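Residues per chain, in single letters:
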Amino acid sequence: MTLHTPGPESPAPGASAARLIYARPEVLRDRSTHYCPGCGHGVVHRLLAEVLTELDLPAHTIAVAPVGCAVFAYDYLDIDFVEAPHGRAPAVATGIRRVRPEAFVLTYQGDGDLAAIGTAEIVHAAARGERITAIFVNNGIYGMTGGQMAPTTLLGQKTTSSPFGRDAALMGYPIRITEMLAQLPGVTYAARGTIADVGSIGKLKAMIKRACQVQMEGGGFAIVEALSNCPVGWGMTPQQSIEHLKGPVVEAYPLGVIVDRGAVAQPTHDLGCPSPAHPEA
Ligand SMILES: Cc1ncc(C[n+]2csc(CCOP(=O)(O)OP(=O)(O)O)c2C)c(N)n1
Ligand code: SF4
Ligand SMILES: [Mg+2]
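About the thresholds
- Residues numbered from 1 in each chain as written.
- Chains lettered and ligands numbered in written order.
- Predicted model: local features only at pLDDT ≥ 70, side-chain atom pairs only at ≥ 80, totals over all residues.
- Helix = DSSP H or I, 4+ residues; strand = E, 2+ residues; numbered from the N terminus.
- Buried ≥ 20, exposed ≤ 12 C-beta atoms within 10 Å, placed from the backbone.
- Near = placed C-beta within 6 Å.
- Nonpolar A, V, L, I, M, F, W, Y, C, P; charged D, E, K, R; others polar.
- Axes fitted to C-alpha atoms, helices over the stretch in contact; angles between N-to-C directions.
- Parallel < 35°, antiparallel > 145°, perpendicular 65-115°, else oblique.
- Left-handed = near helix turned anticlockwise from the far one by under 90°.
- Contact = placed C-beta atoms within 7 Å.
- Pairing = 2+ DSSP bridges.
- Right-handed = clockwise from strand over helix to strand, strands pointing away.
- pLDDT = per-residue confidence, 0-100.
- Arc of directions from axis to C-beta.

### A word on the overall build of the protein chain
Each helix and strand counted, the protein chain has 10 helices and 9 strands in total. When the 281 residues of the protein chain are sorted by exposure, 44% land in the buried category.

Here it is as structure tokens:
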């Protein structure tokens, strides 16, 4: 899409010029998706497509698709994909890593996939410091199967399996799994962003880019959690779900870089996690 925009860069009156401000990255296929209106998965797909393109990675990438609403990611991103059983993306990616050391290996998982059925796989891939870039879309619910409670569901949140709201005494507390993983010395980079607004989307893109560069530079495991929305599962309109995301969700899951052991930069928020030295330091 091209737009004629007035401003300092505008041509002299009478002259015509167009400034490209939006173009679909080729790696994002030109087709509609199955996602519900307002769903955040599409935003994350777009950011991934942009970052992979900017880093010249599409031809070198082998991605692993999850079970969950993003199960059809392979239909939307024009890169090589392997489909993993529910929760097993990090294990499948480990296998790919071992037989294709030169490949760029990417996983994409939801919170039910990564933080529930796949807890063991993600913890041990991170502990081994697998050279994998993990994209973790946390919408606080099992979207695909009808909105059941996930480990990430907020306290008090109503879901189809917690109809009176999540009660800590009965159902435990939400897991900040990215902070848990960040404690492991094999994790080179861990960060949390959100799709809640334009500024946050830009920051999330920078996090995804950094997580990809970590792998390109030979670093260990890198994970970016994207706080996302599920308007259908949350019983909200898309607009309400974005407000909810910006409010209680971001409050429960602080945004920022949790650890970057590949850079001089220190964590931008301190949640009391110990900060072990980089194994190679
Ligand atoms: C072994 C196995 N157990 C359970 C399921 C059912 N199942 C499919 S997707 C899903 C939850 C997905 O939730 P999440 O990973 O958060 O993705 P979302 O749909 O929210 O993006 C479950 C439990 C399954 N497909 N396979
Ligand atoms: S159920 Fe939720 S996560 Fe799944 S496509 Fe719809 S809005 Fe997105
Ligand atoms: Mg989910």
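### Digging into the site of ligand 2
Within the structure, ligand 2 sits among Tyr35, Cys36, Cys39, His41, Cys69, Asn139, Gly143, Met144, Cys230, Pro231, Val232 and Gly233. When residues of the shell around ligand 2 are assigned to their parent elements, the largest contribution, 3 residues, is made by helix H9 (residues 231–234). Residues belonging to the shell around ligand 2 are distributed by class as follows: 8 nonpolar, 4 polar and no charged.

### Here we look at the packing of helix H1 (residues 41–54) against helix H8 (residues 198–216)
Where H1 meets H8, the axes come as close as 10 Å, and the angle between the chain directions of the two elements is 50 degrees. Here H1 is positioned oblique relative to H8, judged by the angle of their axes. The handedness of the crossing between H1 and H8 comes out as right-handed. Residue-level inspection shows Val43, Leu47, Leu48, Glu50 and Val51 of H1 in contact with H8, the latter providing Ile201, Leu204, Lys205, Ile208, Lys209 and Cys212.

### Structural notes on the environment of Glu121
Within the secondary structure, Glu121 is located in helix H5 (residues 119–127). Given 23 C-beta atoms within 10 Å, Glu121 falls into the buried group. Taking C-alpha positions, Glu121 is 5.8 Å from Pro90, a pair spaced 31 residues apart along the chain. Glu121 has contacts with Gly87, Arg88, Pro90 and Ala91, leaving out every residue within four places of it along the chain.

### Comments concerning the site of ligand 1
The immediate surroundings of ligand 1 are formed by 19 residues, with Gly68, Gly110, Gly112, Asp113 and Gly143 found nearest. A per-element tally of the shell around ligand 1 places helix H4 (residues 111–117) first, with 4 residues. Class assignment of the residues belonging to the shell around ligand 1 gives a composition of 10 nonpolar, 7 polar and 2 charged.

### Let's talk about the pairing of strand S8 (residues 221–227)
Burial within S8 is extensive, with 7 of its 7 residues counted as buried. The alternating pattern of S8 places Phe221, Ile223, Glu225 and Leu227 and Ala222, Val224 and Ala226 on opposite faces, both of which are buried. Summarising the sheet, strand S6 (residues 133–138) and S8 pair through 6 bridges and their orientation is parallel. The partner of Ile135 across the bridge, within S8, is Val224. Pairing geometry for strand S7 (residues 187–194) and S8, over 7 bridges, is parallel. Residue pairing across strands places Val187 opposite Phe221, the latter belonging to S8. Between the parallel elements S7 and S8, the chain passes through H8 in a crossover that is right-handed.

### Description of the sheet that holds S6
The strands that make up a sheet are held in pairs by hydrogen bonds between backbone atoms, and each pair lies either parallel or antiparallel. Spatial ordering of the open sheet is given by S4-S3-S5-S6-S8-S7-S9, a layout of 7 strands whose pairing is mixed. In this open sheet, the two edge strands, each paired with only one partner strand, are strand S4 (80–83) and strand S9 (256–260). Going from strand to strand, the sheet's axes swing by 15 degrees on average, the running direction of each strand aside. Bridge analysis of strand S3 (residues 61–65) against S4 gives 4 bridges, and the strand direction is parallel. The residue bridging Val64 from the neighbouring strand is Val82, located in S4. Sheet contacts for H1: S3, S6 and S8; angle to S6, the most-contacted strand, approximately 160 degrees.

### What to know about unusual backbone geometry
Unusually for a residue other than glycine, Asp56 sits at a positive phi of about 60 degrees. Within the secondary structure, Asp56 sits in the loop between H1 and S3.

### Let's talk about the confidence of the model for the protein chain
Confidence in the prediction for the protein chain averages 91 pLDDT; 88% of positions are at 70 or higher. A low-confidence stretch, residues 1–9 (pLDDT under 50), is modelled with 9 contacts involving residues beyond four sequence positions or located in other chains. Note on residues 265–281: pLDDT under 50 across the span, and 22 contacts to partners over four residues away in sequence or across chains.

### A closer look at helix H3 (residues 89–99)
Each α-helix winds once per 3.6 residues, and so residues spaced three or four apart point in a common direction. Restricting attention to buried positions, one finds in H3 the residues Ala89, Pro90, Ala93, Thr94 and Ile96. Angularly, the buried residues of H3 cover 165 degrees about the axis, an arc narrow enough to put them on a single face. Exposed side of H3, more than 90 degrees from the buried face: Arg98 and Val99 are the residues found there. Buried residues along H3 sit against S3, S4, strand S5 (104–110), H5 and S6.

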